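The lines below spell out each chain.
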4 protein chains.
Amino acid sequence: MAKPLKETLYLLLEDPEGRDPRARAIRAFLLALILLNIAALILETVREFSIANEFWFNAFEWLSVGVFTVEYAARVWVGGPGRASGLAAKVRHALSPLMLVDLLAILPFYLPLLLPANLVFLRALRLMRLMRVLKLGRYSEAIQIFCKVVMRKKEQLVVACIAVLILLIISSSLMYYFENDAQPDAFSSIPQSMWWAIVTMTTVGYGDVYPITGMGRLLASVIALLGIAMFAVPAGILSAGFVEHDESAQTASAVCPHCGKPLGPGHTG
Amino acid sequence: MAKPLKETLYLLLEDPEGRDPRARAIRAFLLALILLNIAALILETVREFSIANEFWFNAFEWLSVGVFTVEYAARVWVGGPGRASGLAAKVRHALSPLMLVDLLAILPFYLPLLLPANLVFLRALRLMRLMRVLKLGRYSEAIQIFCKVVMRKKEQLVVACIAVLILLIISSSLMYYFENDAQPDAFSSIPQSMWWAIVTMTTVGYGDVYPITGMGRLLASVIALLGIAMFAVPAGILSAGFVEHDESAQTASAVCPHCGKPLGPGHTG
Amino acid sequence: MAKPLKETLYLLLEDPEGRDPRARAIRAFLLALILLNIAALILETVREFSIANEFWFNAFEWLSVGVFTVEYAARVWVGGPGRASGLAAKVRHALSPLMLVDLLAILPFYLPLLLPANLVFLRALRLMRLMRVLKLGRYSEAIQIFCKVVMRKKEQLVVACIAVLILLIISSSLMYYFENDAQPDAFSSIPQSMWWAIVTMTTVGYGDVYPITGMGRLLASVIALLGIAMFAVPAGILSAGFVEHDESAQTASAVCPHCGKPLGPGHTG
Amino acid sequence: MAKPLKETLYLLLEDPEGRDPRARAIRAFLLALILLNIAALILETVREFSIANEFWFNAFEWLSVGVFTVEYAARVWVGGPGRASGLAAKVRHALSPLMLVDLLAILPFYLPLLLPANLVFLRALRLMRLMRVLKLGRYSEAIQIFCKVVMRKKEQLVVACIAVLILLIISSSLMYYFENDAQPDAFSSIPQSMWWAIVTMTTVGYGDVYPITGMGRLLASVIALLGIAMFAVPAGILSAGFVEHDESAQTASAVCPHCGKPLGPGHTG
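Only a predicted model underlies this, so the values are computations on that prediction, with no experimental measurement involved.

**Points about the overall build of chain A**
Helix and strand counts for chain A come out as 12 helices and 0 strands. Element order for chain A, N to C, with α for helix and β for strand: α-α-α-α-α-α-α-α-α-α-α-α. Residues classed as buried in chain A amount to 45% of the 269 residues present. A fraction of 65% describes how many contacts in chain A between residues 6 or more apart in sequence connect residues 24 or more apart. With an accessible surface of roughly 13,600 Å², chain A has 69% of that area assigned to carbon and sulfur atoms.

Structure below.
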């Protein structure tokens, strides 16, 4: 009796072929619940609003945790794609990233019931509810494409990030030596002047810290021109990755309109 | 007698072949009138200038609305490209985006005559005159190319925007938890700290809100480096779209490497 | 007797083959003089420095104008590339952009001698000495490549700029209507709020003007996200233009290393 | 007896084949020591921390300099890749960039022992310890790839930088003439207004200097729109260089469309 139910549940939750209307309804319901949870998480911090609607926020939290707990239990029970029945396979499935996110998304509710809680701990748990945003990963194609692009450009991104880091260390050290005397508060140490370097080279430029000495400004100008170009490289790599991802999807199946032969992935830029 | 007039009007207003000198003159006149309307809209808000020239602004508004009304009536009468004569076709044509823009561009003048008006309502109507900027869509190739590029890159832009949105939620939530104690005004709620997140990750950095705690700055640095790269992706996609649009116009003469026949402009992403 | 001198001068000044060592020396001397003139122009505005060295600044100005005048006279005399000897050809050559720049670079010195001068006029003339920067155009390959790239991407740049302009008008009008009540000084008119729009959408974000109302911030967020992507497009087009310029120069002559046949400009991205 | 030791040392330090486990251990140890040195350099400027741990900072400095000195001596002794034994070859090797960096990284420790030292001199030496960051160049592939990309795009970067410089001079001169009267402090000279120009065109926009006159703002808007596009070009070129670097590694297997033989990694720009 249990076996067919497990089978049905697997199809409803994972829906490998994406055609079952009930599976689609469940997906839509869970997706809507996650989005509503994110909205609640955001609105709860607007004090006037959250105090006036405390009851509803609590009720919605209980409902959500209930549904997510049932979902998690069901997913653990039916197991992963291969559905090997051994305990090792079960554990391996339970420790996969998506399952961990599902667990961490409901834990903040149960932990205070199990452990003696203080305020700091409760606050950290509240923050952990942010994990529910990551539950979107199961449903959002955008996140999956984004992860794929990052994976594909991993090496370049790592190279660019290391270059950015080295530039950050050199420029904040130099600025510390040049501006420390004139502005002992703003450039009190190298870690402090790293804040300046990041705010400058990302071109955010809040205006809370900036060089005032002549040498400092000259150095800042040179650093800004060099550094900004470097800091823009990761963005350029990501953009190129997105454009390529799209092209490779489109040109994989392109055929010549006259002879019908495949043009191959390499025939265009 | 009416039929030939309708035919003539259609040719004058739509000018499918773009060679009739009178049609060109009408296009140029309407385009100039729209540009003058935009100039008037902008200058009218410069108080000293608008008070001194109130009569001329009003006269120009009456004239413009008169011309645009005649143009709208004529366009409704002659109908759309297919010019099927049935009422349904007429209605369908009248509800097309370009026709709606034409209607909304003159409505702000007529509505106060029909409805009891108060100040807020009058102000909203004034704002609706901005629709006249969109009337440029009928004449500006730039807007049409821009829309085409956006359409072509639609999926990528949607993916990038969802990723941007998720990053926005996560980073503003984290910053709220880290900076709320130190700056209860600037980071009073997650929606408030979203303002910080947007100002930072777009690299605008007005300097009205910024982290001051050590943890907040550390987090802001990491978020800035990640987020800025992500926020730059839509711009990169749009740029690539513009470049490709140009290239696809140029590579219209590419040939298949197998049979040597032209591939046409549409064979690549 | 005059003819050979003219011939020699033409070779020295224009040096079509770029091999004459005397022509090279003249080029180097004129280039150095222009660079020194730019340096003088900049340093002259540092009051303490210019007062202490007034004599040398004046002497250098007289010397420079002398040399540039001789150069200009010689160039007018020897004529342009074709060196047709008619008066019409002479005038046509004298009105070419490079010759006009040469004339405007020395005029600020002579005009006060010819016309009754007042202070405002003298100041404007001082500004005209900036033309000497443009004299670099004759010597700097960088400027020539830059102009070529801009020319090649002209249509795209125009399209992007018109789109940027329309976005600018719409967003500054909307912000004016939303923020005018809360900040009547900063957003006193649409032209005023255009300053905000430009500072925001270029992501400069000085922090002198920013929205403070909830609606204003919401709108500014949406505008920022859209607008920044648009404002980045011209930069993307220019960058692509530079990269293409380089590639087209390199791949024009690429051959297969095995069979020696040209690969053609289209075989790579 | 000395020869085999020299041979062994060479293999341990340079490890041309990268397989010797002892050579790898030495590399890892030296890399870790460099990273710890960088961390110490940064943390030493945090006053409370450095005073409390003065002894450990000093001990670590002595240890590091000891190891780096031994390393430097060993590298000088075993010589470079070719290992020609003449004195000229030794000197040539000792003057190679990587060896100079190694020398400059330990000099700040020894110089005060040799020369009479004052405070300014000691401070400059402290700054020279930053050279240890550059010692990473021997170990970090990221830096090597970055240098390769910069080398490959050298000409384009130079062209873009000259264009940026010319734009900088023109725009800061114009702004000086327009804003000098209204803000004699912020725009007191052209070098001063260059600070504004750099802060604006890199889009950093601290907000310490900005135009306030109508003409100044109009000019700043035009300059910002033009200049920002130009300043973004070097970043675009670098990004393209990174993407191409990766592609050229991938397209190493591309074949000639004529003879079908592999084209090799170097056949494109």
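**Section: the domain arrangement of chain A**
Once the domains are mapped, chain A shows domain 1 (5-139) and domain 2 (154-253). Using only C-alpha atoms to locate each centre, domain 1 of chain A and domain 2 of chain A end up separated by 38 Å.

**Some words on the packing of aromatic side chains**
By the definition in use, this model includes 28 aromatic pairs over all chains. Here the aromatic rings of phenylalanine 55 of chain B and tryptophan 56 of chain B are separated by 5.1 Å at their centres, their planes lie at 75°, and the arrangement is edge-to-face. Ring pairs connect the aromatic residues Trp195 and Tyr206 of chain A together with Tyr210 of chain B, which therefore count as one cluster. The ring of phenylalanine 68 of chain C carries the charged tip of lysine 135 of chain C above its face, separated from the ring centre by 4.4 Å.

**Overview of unusual backbone geometry**
With a phi close to 65°, threonine 203 of chain C is a non-glycine residue in the positive phi region. Here threonine 203 of chain C shows up in the loop between α11 (190-201) and α12 (214-251).

**Quick word on the interface of chain C and chain B**
Of the residues lining the interface, 42 residues belong to chain C; the matching set on chain B comes to 35 residues. Around 3,300 Å² of area is buried between chain C and chain B when both sides are counted, 73% of it from carbon and sulfur atoms. Of all residues in chain C, Val159, Tyr177 and Arg217 of chain C bury the most surface against chain B, accounting for 18% of the area lost on that side. Among the salt bridges present, the one from aspartate 208 of chain B reaches arginine 217 of chain C, with a minimum N-O distance of 3.8 Å.

**Some points on the pattern of salt bridges**
Side chains carrying opposite charge are able to pair once their charged atoms draw close together. Tallying each qualifying case throughout the model produces 33 salt bridges over all chains. The residue aspartate 102 of chain A makes a salt bridge to arginine 138 of chain A at a minimum N-O spacing of 2.7 Å. On the criterion of sequence distance, the pair formed by aspartate 102 of chain A in helix α6 (residues 97-114) and arginine 138 of chain A in the loop between α8 (131-134) and α9 (141-152) is long-range, its members being 36 residues apart. Here aspartate 102 of chain A matches arginine 138 of chain A in class, with each residue buried. Measuring nitrogen to oxygen at the nearest pair gives 3.0 Å for the salt bridge that ties arginine 129 of chain D to glutamate 44 of chain D. Linking arginine 129 of chain D in the loop between α7 (119-128) and α8 (131-134) with glutamate 44 of chain D in the loop between α2 (21-43) and α3 (47-52), this pair joins segments that are 85 residues apart in sequence. What makes glutamate 44 of chain D partly exposed here is its relative accessible area of 22%. Each of Glu71, Arg75, Asp102, Lys135 and Arg138 of chain A takes part in one network of salt bridges that share partners.

**Focus: the packing of helix α10 (residues 154-179) of chain B against helix α11 (residues 190-201) of chain B**
Residues and elements named next belong to chain B. Two numbers describe how α10 lies on α11: the axes approach to 8 Å, and their chain directions differ by 115°. As for the relative orientation of α10 and α11, their crossing is right-handed in sense. Counting all contacts with α10, which are made through Leu167, Leu168, Ile169, Ser171, Ser172, Ser173, Met175 and Tyr176, the residues of α11 involved are Ile190, Ser193, Met194, Trp196, Ala197, Ile198 and Met201.

**Quick notes on the relation of the copies chain C and chain B**
Overlay of chain C on chain B (RMSD 0.1 Å): rotation 90°, translation along the axis 0.0 Å. On the angle and the small slide along the axis, the relation comes out as a four-fold axis. Here only 10% of the contact residues of chain C are again contact residues in chain B; the copies associate through non-equivalent surfaces.

**Things to note about α11 of chain B**
All names here are of chain B. For α11, with 12 residues, the first-to-last C-alpha span of 16 Å sits near the 16 Å given by 1.5 Å per residue. Burial runs high along α11: 10 of the 12 residues are buried. Where α11 terminates, the next one or two residues include threonine 203, which has phi positive at roughly 65°.

**A closer look at the environment of tryptophan 196 of chain B**
Position of tryptophan 196 of chain B relative to the elements: it lies in helix α11. Residue class for tryptophan 196 of chain B comes out buried when judged on its relative accessible area of 1%. For the pair tryptophan 196 of chain B and tyrosine 176 of chain B, spaced 20 residues apart in sequence, the C-alpha separation works out to 9.9 Å. Not counting residues within four places of it along the chain, the set of residues in contact with tryptophan 196 of chain B comprises Tyr206 of chain A together with Ser171, Met175, Phe187, Val209, Tyr210, Pro211, Ala220 and Ile223 of chain B. In terms of polar contacts, tryptophan 196 of chain B uses its side chain to reach the side chain of tyrosine 206 of chain A, at 2.9 Å.

**What about helix α9 (residues 141-152) of chain B?**
Residue and element names in this part refer to chain B. Between its first and last C-alpha, α9 extends 16 Å over 12 residues, near the 16 Å set by a 1.5 Å rise per residue. Among all positions in α9, only Ala142, Ile143, Ile145 and Val149 are buried. Across the axial projection of α9, the buried residues extend over an arc of 165°, all falling on one side. Exposed residues on α9 whose side chains face more than 90 degrees from its buried face are Glu141, Lys148 and Met151.

Parameters and conventions
Residues numbered from 1 in each chain as written. Chains lettered and ligands numbered in written order. Predicted model: local features only at pLDDT ≥ 70, side-chain atom pairs only at ≥ 80, totals over all residues. Heavy atoms only, no water. Helix = DSSP H or I, 4+ residues; strand = E, 2+ residues; numbered from the N terminus. Buried < 20%, exposed > 50% of the residue type's maximum accessible area, 1.4 Å probe, protein only. Contact = heavy atoms within 4.5 Å. Areas by Shrake-Rupley, 256 points an atom, 1.4 Å probe, with all protein chains shown as cover. Domains from an automatic or database assignment. Phe/Tyr/Trp six-rings, centres within 6.5 Å; stacked < 30°, edge-to-face > 60°. Lys NZ or Arg CZ within 6 Å of the ring centre and 35° of its normal. Buried area = accessible area lost by both parts, 1.4 Å probe. Salt bridge = Lys/Arg side-chain N within 4 Å of Asp/Glu carboxyl O. Axes fitted to C-alpha atoms, helices over the stretch in contact; angles between N-to-C directions. Left-handed = near helix turned anticlockwise from the far one by under 90°. Least-squares fit on C-alpha atoms with pLDDT ≥ 70 in both. Expected span 1.5 Å × (residues − 1). Polar contact = N/O pair within 3.5 Å; in protein donor to acceptor, adjacent residues only side chain to side chain. Arc of directions from axis to C-beta.

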